[in-house]
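Coordinate analysis (summary)
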Amino acid sequence: MNITVVGTGYVGLVTGACIAEMGNTVVCVDVDPKKIENLKKGILPIYEPGLETVVEENFAAGRLLFTTQLTEAMEQSDIIFIAVGTPPGEDGSADLRYVLEVARQVGSLMTRHTTVINKSTVPVGTADLVRAEILEQLELRGKTISFDVVSNPEFLKEGAAVDDFMHPDRIIVGTDSERARQVMSELYAPFIRNNPRIKFMGVRDAEMTKYAANAMLATKISFMNEIASLCDRLDVDIENVRLGIGSDQRIGYHFIYAGCGYGGSCFPKDVKALISIAHQNDFEPKLLQAVEARNDQQKQSLFNKLAAHFEGDLKGRTFAVWGLAFKPGTDDMREAPSVVLINSLINAGAKVKAFDPIARETAAREFPEHWFNEGRLQIVDGQYEAAIDADALVLVTEWKPFRRPDFKALKKLLKQPVIIDGRNQYDLGQVNREGFDYYGIGRKQVNG
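Residues numbered from 1 in each chain as written. Predicted model: local features only at pLDDT ≥ 70, side-chain atom pairs only at ≥ 80, totals over all residues. Heavy atoms only, no water.

In the annotation of an unreviewed UniProt entry, the protein is listed under the name UDP-glucose 6-dehydrogenase and assigned to Pseudomonas straminea. The UniProt entry for the protein carries this comment under Pathway (unreviewed entry): "Nucleotide-sugar biosynthesis; UDP-alpha-D-glucuronate biosynthesis; UDP-alpha-D-glucuronate from UDP-alpha-D-glucose: step 1/1." Under Sequence similarities (unreviewed entry), UniProt gives the following word-for-word description of the protein: "Belongs to the UDP-glucose/GDP-mannose dehydrogenase family." (UniProt positions renumbered as here; feature names shortened; annotations may be inferred.)

In structure tokens, the structure reads:
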């Protein structure tokens, strides 16, 4: 199949590369010439395990192409993926300007029946807007050309996106067209040969499914964080509670880990967008608003624990931070708890030495340059280097190298043996034996 993917960000690049891996010819289009030139050289705009290899191999084989010209891409393509960004506006609503601009261009260029697949995360009703934009352009050209608009939301986890695409647990397709159903079935057949998991539904149903899925996962996280905050006050260990409720098959163990808050490009944006959609339709989304509010509060939890331990005396102290990305396996720091923590510490007069295995360059762009120049913030090269002469260590992102540290070495490097564990990674008995003061999320305090 000959396919065009518009947008070479996280979703577009993974989609294009993985579809090319199955033998299709894919042209990825982006308006950024530098990004396209870098992709041709094998330089990716994002970090995602396994993606670089898939891109390089398929580019070398001639199955994956990159261009800034949509006209060139559409000459051979009957299938167009829209995978551009939908950033949140000030009110939290999804900004559809890039999606609709692609629709206008498609309408001005198409010459034969085309299946337009919306891969971007968009509000309910966006497919209707895309259809209207294409029709308007066709009318301006005086052309009558058939086309289908399909909703095909992505369900990719950052850090495991390639595997998620190659081995999907479900594929959601929203369409009312039998022709589009056949196209989508053929497109995804190589990915689900052993276990057909494609679910067809209405276009608006598919658009809503994406938001509802992310909102549900965000709700589970915020629920556990709320219970953890209560556990802090009741001398209860949230980890035991998690194991107890997770063994109930109706609940399960997924997404019930207490922590310092969720971040990334999906959960915060999509919860805000769903709240905005509700308000636009005269509905008060009380549960979703509570989920968002709890998460905002949770991101302050690490700073609050430090402030409590040091009795508000943070000025002039230095703190080690392990982990900057919002989760392991990515360099994405959008809405990351680490950003809230570091901003709070530096604004309180403290200094920060931080380490992350992947997100170093992202961090350099995230914070003010003068913080680095003034020595208020350092991004160091090693996890133990961050701990040297620090007043406490804060674990923010549960990268694997942080899971079993050398506690004896840490105790020697730190000024004070204090650990704030934002992901509940460490065994209470072990940190007690090693002589640390330890604070987790909803866990019993250890006074080593």
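Now for the overall build of the protein. Per the secondary structure count, the protein includes 19 helices and 15 strands. Taking 22 Å as the expected radius of gyration for a compact globule of 448 residues, we find that the protein reaches 24 Å, a close match to that expectation. Counting only C-alpha atoms and orienting by the principal axes, one finds that the protein spans roughly 75 × 45 × 45 Å. Relative to its full complement of 448 residues, the protein shows a buried share of 55%. Long-range contacts, defined here as pairs at least 24 residues apart, represent 73% of the contacts in the protein between residues at least 6 apart. As presented, the protein carries roughly 20300 Å² of accessible surface, and 49% of it is formed by carbon and sulfur atoms. (Helix = DSSP H or I, 4+ residues; strand = E, 2+ residues; numbered from the N terminus. Rg over C-alpha atoms; globule rule 2.2 N^0.38 Å. Buried < 20%, exposed > 50% of the residue type's maximum accessible area, 1.4 Å probe, protein only. Contact = heavy atoms within 4.5 Å. Areas by Shrake-Rupley, 256 points an atom, 1.4 Å probe, with all protein chains shown as cover.)

Together, Glu21, Glu52, Glu56 and Glu57 line one region of the surface with negative charge. Of the residues forming the negative patch, the biggest block, three residues, is contributed by helix H3 (residues 51–60). Turning to its location among the elements, Glu52 is positioned in helix H3. Residue classification places Glu52 among the partly exposed positions, given a relative accessible area of 43%. (Patch = residues over 30% accessible without salt bridge, like charges linked within 9 Å, V, L, I, M, F, W, Y side chains within 5 Å. Salt bridge = Lys/Arg side-chain N within 4 Å of Asp/Glu carboxyl O. Lys, Arg positive; Asp, Glu negative; His and termini not counted. Charge placed at Lys NZ, Arg CZ, Asp CG, Glu CD.)

Attention now goes to the nonpolar core. Residues Leu306, Leu324, Leu341, Leu345 and Tyr426 are the most contacted members of the largest nonpolar core, which totals 62 residues. With five residues, helix H14 (residues 337–347) is the largest single contributor of residues to this core. Discounting residues that sit within four places of it in the chain, Leu306 has contacts with Leu314, Phe319, Leu341, Leu345, Ala392, Val394 and Ile420. (Core = buried A, V, L, I, M, F, W, Y, C linked by side-chain atoms within 4.5 Å.)

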